[in-house]
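Read off the chains here:
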Amino acid sequence: MCWTRVAMIGGGMAGFRTISNSRRFLQSSSFRLFPHSASLPRSSTPTTPTVFIRQINMQAQNLAARLTSSGLLHTQGLVGGKWTDAYDGKTIKVCNPATGEVIANVPCMGKKETNDAVNSAFDAFNSWKKLTAADRSKRLRKWYDLLMAHKEEIGQLITLEQGKPLKEAIGEVSYGASFIEFSAEEAKRVYGDIIPSPLPDRRLFVLKQPVGVVGAITPWNFPLAMITRKVGPALACGCTVVIKPSELTPLTALAAAELSLQAGIPPGVVNVVMGNAPEIGEALLSSSKVRKITFTGSTAVGKKLMAGSAGTVKKVSLELGGNAPCIIFDDADIEVALKGALATKFRNSGQTCVCANRVLVQEGIYDKFADAFSTAVQNMKVGDGFGEDVAQGPLINEAAVQKVESLIKDAVSKGAKVLVGGKRHSLGMTFYEPTVMTDVKSEMLISREEVFGPVAPLLKFKTEEEAIHMANDTNAGLAAYIFTTNVQRSWRVAEALEYGIVGVNEGLVSTEVAPFGGVKQSGLGREGSKYGMDEYLELKYVCLGNLS
């Protein structure tokens, strides 16, 4: 079993991690992991946890070997276009969250390696920014094409090191690649302005220029999409990047970096370092060559990065924690609300920053919804992410399970009731039962803190005004959801909610063409869409005088 003490700057959690994963016999015309998969045992229906883990381990080892032979499984950092070990030879273990078995050992890098990566990015910036937008666009488009050509292998790699169901993982590859495609298109649309001059002998121009070297710190829950959502627009604008992926899931980042090189993106434009998170973070923050920090992760770490960026006055964009309310009114279409609430709550085992953290249900349908929701949750299949029809994989580590347990314990001690789940799954490891709780109150910790697990607390409200107050009663402000058939209400409530993203009668709202980000302590700036491009650009005003 893999128990690794990890100090994380980018993942929102620290502590002991037990990662495990499973492996499904996926077949494709281009990449066939198990040619005769029907003859293999189904890892999703084990007779005992021990047999289950043994089956997955054998399958995972087979997958890792095949990924290595395909050239996508790298176990070194990328600095200046060269695959590099830690200078002192230290490594950290990357484990499978379904079994705890070691997948690979990767370099435990620190300050020296990060400084070299920053210098490589700085040197490459001078030439990369001078390429035409059309040239950068073509290379990004090629990167997109390669990601899509290898989406099954990369999806398998995501499931192997992160644990989410394979269908979700392959969906993440398509979603992540879409940011590269969109950025390739937007690279050619970074327009400046001509301002009418108040004086006849002057002409006034506004230029948009790349900010420079970007330090991109990403979490473990979306190991590809959180990288491409930052790196795509950065490269499109002419910036270069140093990526610090989570130590829990670095292999996906390295595979994506390999494909960037194959796409013709020059050495030094994309660099990847991982290992000693505090040292890496300090090197990025203290370097005057790094002009921007972009981070997705916990609010606590985001605040530290924001403070640390002050010394060199870097641009900062932060996508931090959430406490998303999902408000279901009496007049909602129950089927639509059920589908939406299930999707936004249990995707990736509840480990997303836009997951519904609180399900607010109006009193007229509270009991009816609770019964229907519980039935649907009870039918969710938990297991190895490679298993057939699995809806929920393991949590990322032991710390994640313990946090879920502590929040449920607090809620039950204060009067909440567990309708479904509420305990570790019989599969063992970090598997946890999908859980529904009723009689939850706003003062309980589970309503105040981000659960980041498969737990749906149901809170009752009477009026629209009460629902808005309950929803806004938090320091977070990332995503919120409304279910109602009343058009006027949907407008009123959407405008009143203090959140950067609002889904109306829809639980899955993320897309590369719309801005993603929050208000209050959920962060600064936006990612995706044309608005996300501006995060990597500086405005320069040019006054041309004495023309007469």
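This structure is a prediction, so every number in the text was calculated from the model and none was measured.

1. A look at the overall build of the protein
Point 1. Assigned secondary structure in the protein consists of 16 helices and 22 strands.
Point 2. Burial status across the protein gives 59% buried among its 548 residues.
Point 3. Sequence-distant contacts in the protein: of pairs separated by 6 or more residues, those separated by 24 or more amount to 74%.
Point 4. Roughly 20900 Å² of accessible area belongs to the protein as shown, and the carbon and sulfur atoms make up 53% of that amount.

2. Here we look at the sheet that holds strand S20 (residues 501–504)
Remark on secondary structure: sheet strands pair via backbone hydrogen bonds, oriented parallel or antiparallel.
Point 1. In space, the seven strands of this open sheet follow the order S16-S17-S18-S15-S14-S19-S20, with mixed pairing throughout. Each edge of the open sheet is held by one strand with a lone partner, namely strand S16 (417–420) and S20. Strand-to-strand twist of the sheet, defined as the mean angle between neighbouring strand axes without regard to direction, takes the value 25°.
Point 2. Judged from the four bridges that link them, strand S15 (residues 356–362) and strand S18 (residues 455–461) form a sheet pairing that is parallel. Paired with Gln362 across the strands is Phe461, a residue of S18.
Point 3. The strands that helix H10 (residues 334–346) touches are strand S14 (324–328), S15, strand S17 (435–438), S18 and strand S19 (479–483); relative to S19, the one it contacts most, it runs at about 165°.
Point 4. Packed onto the sheet, helix H12 (residues 398–413) meets S16, S17 and S18 and runs at close to 25° relative to S17.

3. Focus: empty space enclosed by the protein
Point 1. Applying the stated criterion to the full structure yields five cavities of 30 Å³ or more.
Point 2. For the lining of the largest cavity, the residue count by class is six nonpolar, two polar and three charged.
Point 3. Put simply, the second largest cavity is a space of about 50 Å³.
Point 4. What lines the second largest cavity is Phe179, Phe182, Ser183, Arg229, Pro233, Gly528, Ser529, Gly532 and Met533.
Point 5. Of all the elements in the fold, those that place two or more residues in the lining of the second largest cavity are helix H5 (166–186), helix H6 (225–237) and helix H16 (529–533).
Point 6. Here the residues of the lining of the second largest cavity are counted per class, giving four nonpolar, four polar and one charged.

4. A few points about the layout of surface pockets
Point 1. The space that makes up the largest pocket amounts to roughly 890 Å³.
Point 2. The wall of the largest pocket is formed by 33 residues, among which Lys167, Glu168, Arg347, Ala391 and Leu508 lie closest to the centre.
Point 3. Those elements giving two or more residues to the lining of the largest pocket turn out to be H5 and H10.
Point 4. Within the lining of the largest pocket, the residues separate by chemical class into 16 nonpolar, seven polar and 10 charged.

5. Concerning the side chain of Glu398
Point 1. Mapping Glu398 onto the fold places it in helix H12.
Point 2. Within the local environment of Glu398, its side chain forms a polar contact with the side chain of Arg424, the two groups lying 2.6 Å apart.

6. Some remarks on the state of the cysteines
Point 1. Taken as a whole and assessed by the stated rule, the structure comprises zero disulfides.
Point 2. Cys355 takes part in no disulfide bond, and the closest cysteine sulfur to it belongs to Cys353, at a distance of 8.3 Å.

7. Section: helix H4 (residues 151–162)
Point 1. In this model H4 runs 16 Å from its N-terminal to its C-terminal C-alpha over 12 residues, within 8% of the 16 Å that 1.5 Å per residue would give.
Point 2. Among the 12 residues of H4, 10 are classified as buried, and the element is accordingly described as predominantly covered.
Point 3. When H4 is considered as a whole, its buried residues turn out to be Glu153, Ile154, Gly155, Gln156, Leu157, Ile158, Thr159, Leu160, Glu161 and Gln162.

8. Digging into the UniProt feature "active site" (unreviewed entry) in the protein
Point 1. The UniProt entry lists Glu319 under the feature "active site" (unreviewed entry), expressed in the numbering used here.
Point 2. You can see Glu319 is positioned in strand S13 (residues 315–319).
Point 3. Residue Glu319 is classed as buried on the basis of its relative accessible area of 3%.

9. Some words on the pairing of S19
Point 1. S19 sits mainly inside the fold: five of its five residues count as buried.
Point 2. Residues Ala479, Tyr481 and Phe483 point to one face of S19 and Ala480 and Ile482 to the other, with burial holding for every one of them.
Point 3. In terms of strand pairing, S14 meets S19 through three bridges, oriented parallel. Bridging from a neighbouring strand, Ile328 pairs with Phe483 of S19.
Point 4. By the bridge criterion, four bridges tie S19 to S20 in an arrangement that is parallel. In the strand pairing of S20, Ala480 is matched with Val502.
Point 5. Each parallel crossover has a hand, and the one from S19 via helix H15 (residues 487–496) to S20 is right-handed.

10. Describing the packing of H4 against helix H7 (residues 250–262)
Point 1. The interhelical angle for the contact between H4 and H7, taken along N-to-C directions, is 160°, at an axis separation of 8 Å. Between H4 and H7, the crossing angle belongs to the class labelled roughly antiparallel. Where H4 approaches H7, its residues Ile154, Leu157, Ile158 and Glu161 are matched on the opposing element by Pro250, Leu251, Thr252, Ala255 and Leu259.
Point 2. Split by residue class, the contact of H4 with H7 holds seven nonpolar, one polar and one charged.

11. Considerations on the packing of aromatic side chains
Point 1. As enumerated under the stated definition, the model contains five aromatic pairs in all.
Point 2. Ring geometry for Trp220 and Phe452: centres 5.8 Å apart, planes at 90°, overall edge-to-face. Note that Trp220 is positioned in the loop between strand S9 (213–217) and H6 and Phe452 in the loop between helix H13 (445–448) and S18, a separation of 232 residues in sequence. You'll find Trp220 and Phe452 in the same group, each marked buried.
Point 3. Their ring planes at 15° and their centres at 5.3 Å tell us that Phe369 and Phe373 sit as a pair that is stacked. Of this pair, Phe369 and Phe373 both sit in helix H11 (residues 366–378), four residues apart, which is roughly one turn of the helix. Each member of the pair Phe369 and Phe373 is classed as buried.
Point 4. Following the ring pairs from residue to residue traces out a cluster consisting of Phe346, Phe369 and Phe373.
Point 5. The aromatic ring of Tyr536 is capped on one face by Lys292, whose charged end is 5.1 Å from the ring centroid.
Point 6. The ring centre of Tyr366 lies 4.8 Å from the NZ or CZ of Lys460, which sits over that ring.

12. A few points about the pattern of salt bridges
Point 1. With the rule as written, the count across this model stands at 21 salt bridges.
Point 2. Residue Arg141 is joined to Asp145 by a salt bridge in which the shortest nitrogen-to-oxygen separation is 3.5 Å. Within this pair, Arg141 and its partner Asp145 are both found in helix H3 (residues 133–149), separated by four residues, close to a single helical turn.
Point 3. The exposure class assigned to Arg141 is partly exposed, which follows from its relative accessible area of 34%.
Point 4. Glu398 is paired through a salt bridge with Arg424; the nearest N and O atoms lie 2.6 Å apart. Residue Glu398 is located in helix H12, and its partner Arg424 is located in the loop between S16 and S17; the two are separated by 26 residues in the primary sequence.
Point 5. Residue Glu398 is classed as buried on the basis of its relative accessible area, which comes to 12%.

Criteria and cut-off values
Residues numbered from 1 in each chain as written. Predicted model: local features only at pLDDT ≥ 70, side-chain atom pairs only at ≥ 80, totals over all residues. Heavy atoms only, no water. Helix = DSSP H or I, 4+ residues; strand = E, 2+ residues; numbered from the N terminus. Buried < 20%, exposed > 50% of the residue type's maximum accessible area, 1.4 Å probe, protein only. Contact = heavy atoms within 4.5 Å. Areas by Shrake-Rupley, 256 points an atom, 1.4 Å probe, with all protein chains shown as cover. Pairing = 2+ DSSP bridges. Axes fitted to C-alpha atoms, helices over the stretch in contact; angles between N-to-C directions. 1 Å grid on protein atoms, 1.4 Å probe; cavity = no way out; pocket = protein on both sides within 12 Å on 5 of 7 lines; lining within 4 Å. Points joined across faces, edges and corners; volume = space filled by probe spheres on them. Nonpolar A, V, L, I, M, F, W, Y, C, P; charged D, E, K, R; others polar. Polar contact = N/O pair within 3.5 Å; in protein donor to acceptor, adjacent residues only side chain to side chain. Disulfide = S-S within 2.5 Å. Expected span 1.5 Å × (residues − 1). UniProt positions renumbered as here; feature names shortened; annotations may be inferred. Right-handed = clockwise from strand over helix to strand, strands pointing away. Parallel < 35°, antiparallel > 145°, perpendicular 65-115°, else oblique. Phe/Tyr/Trp six-rings, centres within 6.5 Å; stacked < 30°, edge-to-face > 60°. Lys NZ or Arg CZ within 6 Å of the ring centre and 35° of its normal. Salt bridge = Lys/Arg side-chain N within 4 Å of Asp/Glu carboxyl O.

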